[in-house]
Structures are given as structure tokens and as C-alpha cells.
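An overview of the molecular structure
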Amino acid sequence: MATLVANKPMHIIISGAACSGKGTQCELIKSKYNLIHLSTGDMLRTESAARTELGLIAQEYMNKGELIPDQLIIKLVKSRIQQEDCQKQGWLLDGFPRTAIQAQALLESNIIPDLFIVLQVPDSVLIERVTGRRLDPVTSIIYHIKYNMTTDEQIIARLIQRSDDTIEKITVRLAAYNDQVTAIESHYSKIIAKIDGNRDKMLVFADIDKSIQKLQEIL
Ligand code: AMP
């Protein structure tokens, strides 16, 4: 896919519940538009693997499927967005804001997105996707036991299930998402693109791409 660079750096937020396909769509958006992908989940997992102070605190919440405290994640995101690569290339923020307080913090720091994409997928589909999701810790590739499995025995043997991908934890995560979604969306009502995420990934991407192209015309 050819990389397109907008006249001005684009600032995009992608939102959706766990397993709504944000990660997959971010890869497609990133490779076409060369934005810096900021996934708060990935940032926290990196902190946790490095056993930093923040990582150790975050891991406790992540293990329970709960959100980490607003002030910790707000500080992390704000400092990352201020870095030069994000300022020059633009950013694609994934997994933030997840609460009205986080949305308000972005506003107060004058971090204003140009487009707010929401991937909509029914809870029953999300539960099936989450509980079947498996991660290859070597390549970070995500598989699904029913829909997208490798036949390579060596890879199958090392696949793991994320500690927050169980039925109990996804129920907590979905409740937190559904509780906050209306308040968050109200911050972005003028720039929102609601996309049906319960379809083939390339059909979902085609709709996202249309919204981004419209945005490019006005930037
Ligand atoms: P994700 O990979 O986006 O599903 O995030 C995994 C976990 O990281 C979440 O269940 C939360 O515990 C934590 N996390 C990620 N983003 C945020 C956020 N914006 N606010 C609070 N916790 C977050």
C-alpha cells in the first residue's frame, strides 16, 4: 500500500471496545498514512515488561481487567504526544481517552483530534473474539482459535492468552467501556465517524479510509 502524507499532520483518535478491531485497523491506517501509532495498551505492556514503577502499578489493574488511574495514563499520553515524531508526522491515538476525565484532560492540554473514529461491534461478538484471542509472544501476531489460526505446531505451542482476555475480565472491560462511551463521544460530536466494525477488515478499512480522505481535503 502506498504511503500518503497529508499537507498538515493529521491527529486521529480510534475508539472501540476491547477486540473491536482497533489494532488491525491501526496497522492499515499507519501503513497508508504514516502516522505515529500510540496504543496506550501497548505502552503500558511495554512499561510492565520493563518493570518500571508505572508498569508495575499498571499490571495490577490490567490483570483485573480494570482501567488504570486517569492521572497516570494522562501523564504518559501527554508526554508521548509532545515528542517530535508525533508533532511532525501526526498521530493515531488508540485506547485513549477511555474516560470523560481523560477526554477533558486532552482538551485542557489543547490536544485536539481532527477525526474521532468509533468501531461499533455488538458485545456478544466482542466476547467471542476476546475469549478466542491468542498472542504469539515472539512476533506479537494475534491469532484466533476459531477464525484465524496458524497450522505451525511450533507457533501453536507458544501461543498465550492475555491475562485480561478471559470471560470474567472482558465483562468488566465492556461494562467500563459502555459506562463511559456516551460521555466521551459527546466531546467529539462534530468530528465523529461511526463505523460498523462487525465486517471483513478490508470493508471496515474502506469506510475508515473514506473518512480520512475527506479529512485530508480540508486540512
Ligand atoms: P488494551 O490493549 O487497549 O485493551 O488495554 C489493555 C489494558 O490497559 C486496559 O484493560 C487497561 O487496564 C489499560 N489501559 C489502556 N488504555 C487505558 C486508558 N486510556 N485508561 C486506563 N487504562 C488503560
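Residues numbered from 1 in each chain as written. Predicted model: local features only at pLDDT ≥ 70, side-chain atom pairs only at ≥ 80, totals over all residues. Heavy atoms only, no water.

Focus on the packing of aromatic side chains
Throughout the structure, instances matching the rule amount to one aromatic pair. Note on phenylalanine 116 and tyrosine 188: the rings are 4.5 Å apart at their centroids and 10 degrees apart in plane angle, and the pair reads as stacked. With a gap of 72 residues between them, phenylalanine 116 in strand 4 (residues 115-120) and tyrosine 188 in the loop between helix 9 (167-187) and strand 7 (192-196) connect regions that are remote in the sequence. Assigned by exposure class, phenylalanine 116 and tyrosine 188 land together as buried. (Phe/Tyr/Trp six-rings, centres within 6.5 Å; stacked < 30°, edge-to-face > 60°. Helix = DSSP H or I, 4+ residues; strand = E, 2+ residues; numbered from the N terminus. Buried < 20%, exposed > 50% of the residue type's maximum accessible area, 1.4 Å probe, protein only.)

Details of unusual backbone geometry
For the peptide bond that leads from phenylalanine 96 to proline 97, omega is 0 degrees, which places it in the cis range. In this structure, proline 97 sits in the loop between strand 3 (90-94) and helix 6 (100-108). Phi angles above zero are rare outside glycine, and arginine 51 is one such case at about 55 degrees. With respect to the helices and strands, arginine 51 occurs in the loop between helix 2 (40-49) and helix 3 (53-64).

Describing the site of the ligand
With respect to spatial proximity, 16 residues lie near the ligand, and among them Thr40, Glu66, Gly95, Arg98 and Gln102 are the closest. At 2.8 Å from a nitrogen atom of the ligand is found a side-chain nitrogen or oxygen belonging to threonine 40. Bound to the protein, the ligand loses 96% of the 480 Å² it would expose on its own. Per-element tally for the shell around the ligand: the top contributor is helix 2, with four residues. Across the shell around the ligand, the residue classes tally to six nonpolar, four polar and six charged. (Near = heavy atom within 4 Å. Polar contact = N/O pair within 3.5 Å; in protein donor to acceptor, adjacent residues only side chain to side chain. Areas by Shrake-Rupley, 256 points an atom, 1.4 Å probe, with all protein chains shown as cover. Nonpolar A, V, L, I, M, F, W, Y, C, P; charged D, E, K, R; others polar.)

Focus on the layout of surface pockets
Estimated volume of the second largest pocket: approximately 190 Å³. Along its surface, the second largest pocket is lined by Arg45, Ser48, Ala49, Gln59, Met62, Leu135, Ile160, Arg162, Ser163 and Asp164. Counting only elements with at least two residues in the lining of the second largest pocket, the list comes to helix 2 and helix 3. If you tally residues by element for the lining of the second largest pocket, the top one is helix 2, at three residues. (1 Å grid on protein atoms, 1.4 Å probe; cavity = no way out; pocket = protein on both sides within 12 Å on 5 of 7 lines; lining within 4 Å. Points joined across faces, edges and corners; volume = space filled by probe spheres on them.)

Some words on the side chain of serine 48
Looking at the element boundaries, serine 48 is found in helix 2. Serine 48 sits in the buried class, given a relative accessible area of 13%. Dropping the residues within four chain positions of it, serine 48 is found in contact with Gly55 and Gln59. (Contact = heavy atoms within 4.5 Å.)

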